[in-house]
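# Working through the structure, step by step
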Amino acid sequence: MKSTESPLSSAPSFSVEQLLKELPVPLFTCNRQGILHLSNTAFDELCELKALPGTSVFEIKTLKFFDGNGRRISSENSPLLEILHSRNPVINKQVKAGPKNQSFLLSTSFSLKADQGEQLVNFCLIPNYSTESEEIKNARLSAIVEYSNDAIISKDLNGHITSWNKAAEKLFKYTEEEVIGKHISLLFPEDRLKDERMILDTIKRGEQIKHFETIRLDKTGKEIPLSLTISPIKDSAGRIIGASKVAREISERLESEKKQAHLSAIVEHSDDAIISKDLNGTITSWNHGASKIFGYSEEEVLGKPITLLIPAERLQEEDLILKKIKSGEKIQHFETVRVTKVGKEIPVSLSVSPIKNLQGAIIGASKIARNIEEQIRFRKKIKAYNVKLNILNSVGRDISSNLDVQTVIQKVTDACTKLSGAKFGAFFYNTENGNGESMMLYTLSGAPKEAFENLGMPRHTAVFQSTFTGQGAVRIDDITSDARYGQNYPFNGMPPGHLKVVSYMAIPVISSSGKVTGGLLFGHPEKGVFQEEHEMMIKSIAAQAAIALDNSRLFERVKSLSEKKDEFIALASHELKTPLTTVKGYLQILEKKIEEPSSRLFLSKALEQADRLHTLIEDLLNMSRIEAGKLEFHYEEFDLREMLLDLAETFSHSASTHQIITNLGENPVIVKADKQRLEQALINLLSNAVKYSPTAQKVHLNLSVNDENIRVGVRDEGIGLTEEEQKQVFSRFYRAESTKGINGLGLGLYLTKQIIDAHHGQLAVESKVGAGSEFYFMLPRIC
Ligand code: ADP
């Protein structure tokens, strides 16, 4: 059978004491003296200890009570004491108790202790959550107000300040004590006092004022730009009793707005086009400069693709630009071409930078385009100036380094024609022919000679005459309409095919003596080609040309005198040689006939001097032959080593003061050369070595051979030569300063050099002052 017992009958035995023990509300019972009779676990938890029966509740230190301001209530004033002494029970009395200062609703009841009849007081502390959350809310709000970054102020309806937070202190520099109770107008600049009326009126109507931008003063009198939000404060009955003000300083924002405005103004007024586009290449902004350069208004282009400005053949540039921008790269001063609204292509320099959003993502590009037409024109001009400068320099160099009249005037004509931009140029130059007759030479540039053939001598034409007679430069924009020159003008009425001249310029070439020696003439078939700058330039070249012409004229004169001198030397040496040969012949006959020793001595001395004279005359003759290009060579094959050995031996007989030391190797050195001339060259070198080392005893004659060259050197231990002298010793008639006391003509080395040159060899010297010299020559191995 199933049981029919009720559930209650099966419940465990139930103790009220236990129920009270476990109730989550602190409970305790004590006698009127406060001696604890009973307490539960929640009470122990509140006191954070195990409260034992028989303990006095006043001894439980953790069972504290606090007033509304959170201050601890002393044990004499403890609400417990009051309750224990009273006869009335307490219902829901708000208290704050426990180490955590919690809020409770305290209720009491009285009962009798069963055994002794003693009256007990029962305490029940129900946690008061609603009060606590309100408090927390208030505390939080005051903390927010206190620590807000905005100044938060409240005032009553008379405008007296009733609260003032920390941020207000910071912003206005007044402490709370300084302003509480003061009128808010303390913060107002004179001219804003009327604001307060408007604010109060609005507040009184219960309305809020939002983000009202105004100015207030701080304690130091400094003006502070602010954004104010003012709200009415109402009491519990809904009456408006004041206003709260939240003030935010906006100087930073104003500054940044100012900066922004400034930047916008710069962008707007820049002469450069400043354009922005998104990553699809769509134009998103367009400044005034862009309108000026490209001709489109802002409305016309916003939202349009940037390719609108790119010439068809350059469209791929945009892909490249966008690719770079997307990867965060900048493009700087990229020179390219863009097209304007009217289709005109203009050169621009582009700088493109990525535009990023606040998160740093690239969202577009800003482009600065500068029209560089002017710059390019300028660059071209500089380039043209450089070309001109180079021409000027080179013509200067050519003029000063050249002494040939025809070459000089041709170079001047070419350069001037180029520099002046003339179609053709001519240089007419007065000179004298060999018979002293005056004649006129001319060179042309830019036109064939035939073009001038029918012109006759331009000196006879009116136009050119003024230049030749020294009246100065002539520059005419349109010669055809210039009455002064009328029909006489040589190019006027020219047969077809001849030079047509409209622009005309003529510059005189004046020598240092002031005589007009020539003139530069330029023409161009178009009007107004020659400008003042051309005239100045040509004038300066003409001045240089005049100097060069003077120099070349002097040079011609010197050259002709020098030629005359050479002719004379050739003639004289030839004439001197014949009687000398006869004298030598008779002396040799006498030498054979005379026995008497002293007479023989005189005879041999006379013969020696006759030989010297013969050598000198030979040198002079050879020199004039060289000058006339008539020195002849007879090549034969022979052993150079053997020739040097013979030469050294013969030479040591005549040069008794010095010993000839040979270092000629062991093997024959076969050369193909003019033996006599080589001997002559070597005798020159050996004689010099002896002559210019008066205090030394040795002269070295060396021969060496390598794969390419044969080297013959004559080394002395004599006076030596400076570097400057070494450079000049091979010139005709040159004699070093230090050797002036020693006889000589300065022809030997000159002749030696001509002989070695004729053998395709090189003659050179290595020398040191005081230490001696080595003159050596190299002959190519296959002679
Ligand atoms: P010359 O000896 O007749 O003066 P050269 O033409 O042979 O003429 O020499 C030219 C000049 O070179 C000499 O006057 C002398 O100043 C210098 N010279 C030539 N050989 C030597 C040398 N071996 N040492 C120093 N100076 C020399």
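This one's a predicted model, so the numbers in the text were calculated from it and none came from an experiment.

## Re the site of the ligand
Inspection of the region around the ligand gives 18 residues, with Asn688, Tyr692, Arg735, Thr739 and Leu749 positioned closest. Measuring from an oxygen atom of the ligand, one finds a side-chain N or O atom of Asn688 at 2.8 Å. At 2.5 Å, a side-chain N or O of Arg735 approaches an oxygen atom of the ligand. Computed on the free molecule, the ligand has an accessible area of 520 Å², of which 97% lies beneath the protein chains in the complex. For the shell around the ligand, the secondary structure elements donating two or more residues are helix 20 (675-691), helix 22 (748-758) and strand 28 (772-780). Split into classes, the residues belonging to the shell around the ligand amount to nine nonpolar, six polar and three charged.

## Thoughts on the packing of helix 17 (residues 532-593) against helix 18 (residues 597-627)
Angle between the axes and distance between the axes are the two parameters that describe a pair of packed helices. Interaxial distance between helix 17 and helix 18 falls to 9 Å at its minimum, and their mutual angle equals 155 degrees. As judged from the angle between their axes, helix 17 and helix 18 are roughly antiparallel. As helix 17 packs across helix 18, the resulting crossing turns out to be left-handed. Class assignment for the residues of the contact of helix 17 with helix 18 results in 15 nonpolar, five polar and eight charged.

## Here's the deal with the nonpolar core
Among the nonpolar cores identified, the biggest contains 38 residues, and Leu640, Leu644, Leu678, Leu682, Leu701, Val712 and Phe777 are the most heavily contacted of them. Among the secondary structure elements, those contributing two or more residues to this core are helix 19 (640-654), strand 24 (670-673), helix 20, strand 25 (698-705), strand 26 (709-716), helix 22, strand 27 (762-768) and strand 28. Here the element with the most residues in this core is helix 20; it accounts for seven residues.

## So, the side chain of His534
Inspection of the secondary structure assignment puts His534 in helix 17. Those residues in contact with His534 that lie beyond four places of it in its chain are Lys388, Leu419, Ser420, Met505 and Val529.

## Quick notes on the pattern of salt bridges
By the definition in use, this model includes 32 salt bridges. Between Glu257 and Arg253 there is a salt bridge, with its nearest N and O atoms 3.0 Å apart. In this pair, Glu257 and Arg253 are both assigned in helix 9 (residues 251-269), four residues apart and thus about one turn of the helix distant. The exposure class assigned to Glu257 is partly exposed, which follows from its relative accessible area of 40%.

## Let's talk about the environment of Leu27
Among the structural elements, Leu27 can be located in strand 1 (residues 27-31). With 97 residues separating them in the primary sequence, Leu27 and Cys124 have C-alpha atoms 4.6 Å apart.

## Focus on the packing of aromatic side chains
Enumeration according to the criterion identifies eight aromatic pairs in this entry. On the numbers, 4.5 Å between centres and 5 degrees between planes, the contact of Phe28 with Phe123 is stacked. Pair noted here: Phe28 is in strand 1 and Phe123 is in strand 6 (residues 119-127), with a separation of 95 residues, a long-range link. For the pair Phe28 and Phe123, one class covers both residues: buried. When the ring of Trp164 is compared with that of Phe172, the centres are 5.6 Å apart and the planes differ by 40 degrees; the resulting orientation is tilted. The side chain of Arg711 reaches across the aromatic face of Tyr776, ending 4.1 Å from its centre.

## Comments concerning the side chain of Ser552
Here Ser552 is to be found in helix 17. Within the structure, the side chain of Ser552 is placed 3.1 Å from the backbone oxygen of Leu549, a separation counted as a polar contact. Leaving out residues up to four positions away in the same chain, Ser552 has contacts with Leu403 and Val405.

## Quick word on the environment of Lys21
Relative to the helices and strands, Lys21 is located in helix 2 (residues 16-22). Here Lys21 falls in the partly exposed class, since its relative accessible area comes to 35%. In the structure, Lys21 is positioned 19 residues away from Asn40 in sequence and 4.2 Å away in space, judged by C-alpha atoms. In contact with Lys21, other than residues within four places in its own chain, are Ser39, Asn40 and Thr41. Among the polar contacts listed, one links the side chain of Lys21 to the backbone oxygen of Ser39, at a separation of 3.0 Å.

## Examining helix 20
A rise of 1.5 Å per residue sets the reference length of helix 20, with its 17 residues, at 24 Å; its end C-alpha atoms lie 24 Å apart and thus fit the reference within 8%. Inspection of helix 20 places Arg677, Leu678, Gln680, Ala681, Leu682, Asn684, Leu685, Leu686, Asn688, Ala689 and Val690 among the buried residues, and these make up the whole buried set. N-capping of helix 20 is provided by Asp674, with a side-chain oxygen placed 3.2 Å from the backbone N of Gln676.

## Some points on the UniProt feature "domain: PAS" (unreviewed entry) in the chain
According to UniProt, the "domain: PAS" (unreviewed entry) feature falls on residues 137-206 and 259-328. A helix fraction of 47% and a strand fraction of 14% characterise residues 259-328, whose end C-alpha atoms lie 25 Å from each other.

## Details of the environment of Phe775
Relative to the assigned elements, Phe775 resides in strand 28. The buried category is assigned to Phe775, whose relative accessible area is 10%. Phe775 sits 451 residues away from Lys324 along the chain, and the two C-alpha atoms are 71 Å apart. In this structure, Phe775 is in contact with Leu685, Val712, Gly713, Val714, Leu721, Val729, Phe730, Leu749, Ala764 and Val765, ignoring residues within four places of it in sequence.

## A short note on helix 12 (residues 316-326)
Taken together, the buried positions of helix 12 are occupied by Glu317, Glu318, Ile321, Leu322 and Ile325. Projection of helix 12 onto a plane perpendicular to its axis shows the buried side chains occupying an angular sector of 130 degrees, all on one side. When the buried face of helix 12 is taken as reference, the exposed residues oriented beyond 90 degrees from it are Asp319, Leu320 and Lys323. Here the buried face of helix 12 lies against strand 12 (273-278), strand 14 (331-339), strand 15 (345-356) and strand 16 (362-371).

## Quick look at the state of the cysteines
Here, the word disulfide means a covalent bond between the sulfur atoms of two cysteines. Taken as a whole and assessed by the stated rule, the structure comprises zero disulfides. With no disulfide of its own, Cys124 lies closest to Cys30 among cysteine sulfurs, the gap being 14 Å.

## Focus: the packing of helix 14 (residues 405-420) against helix 17
For the pair helix 14 and helix 17, interaxial distance at closest approach is 10 Å and the crossing angle is 175 degrees. The angle between helix 14 and helix 17 places the two elements in the roughly antiparallel class. Residue-level contacts link Val405, Val408, Ile409, Val412, Cys416, Leu419 and Ser420 of helix 14 to His534, Met537, Ile538, Ile541, Ala545, Ala548, Leu549 and Ser552 of helix 17. For the contact of helix 14 with helix 17, the class distribution of residues is twelve nonpolar, three polar and no charged.

How each quantity is defined
- Residues numbered from 1 in each chain as written.
- Predicted model: local features only at pLDDT ≥ 70, side-chain atom pairs only at ≥ 80, totals over all residues.
- Heavy atoms only, no water.
- Near = heavy atom within 4 Å.
- Polar contact = N/O pair within 3.5 Å; in protein donor to acceptor, adjacent residues only side chain to side chain.
- Areas by Shrake-Rupley, 256 points an atom, 1.4 Å probe, with all protein chains shown as cover.
- Helix = DSSP H or I, 4+ residues; strand = E, 2+ residues; numbered from the N terminus.
- Nonpolar A, V, L, I, M, F, W, Y, C, P; charged D, E, K, R; others polar.
- Axes fitted to C-alpha atoms, helices over the stretch in contact; angles between N-to-C directions.
- Parallel < 35°, antiparallel > 145°, perpendicular 65-115°, else oblique.
- Left-handed = near helix turned anticlockwise from the far one by under 90°.
- Core = buried A, V, L, I, M, F, W, Y, C linked by side-chain atoms within 4.5 Å.
- Buried < 20%, exposed > 50% of the residue type's maximum accessible area, 1.4 Å probe, protein only.
- Contact = heavy atoms within 4.5 Å.
- Salt bridge = Lys/Arg side-chain N within 4 Å of Asp/Glu carboxyl O.
- Phe/Tyr/Trp six-rings, centres within 6.5 Å; stacked < 30°, edge-to-face > 60°.
- Lys NZ or Arg CZ within 6 Å of the ring centre and 35° of its normal.
- Expected span 1.5 Å × (residues − 1).
- UniProt positions renumbered as here; feature names shortened; annotations may be inferred.
- Arc of directions from axis to C-beta.
- Disulfide = S-S within 2.5 Å.

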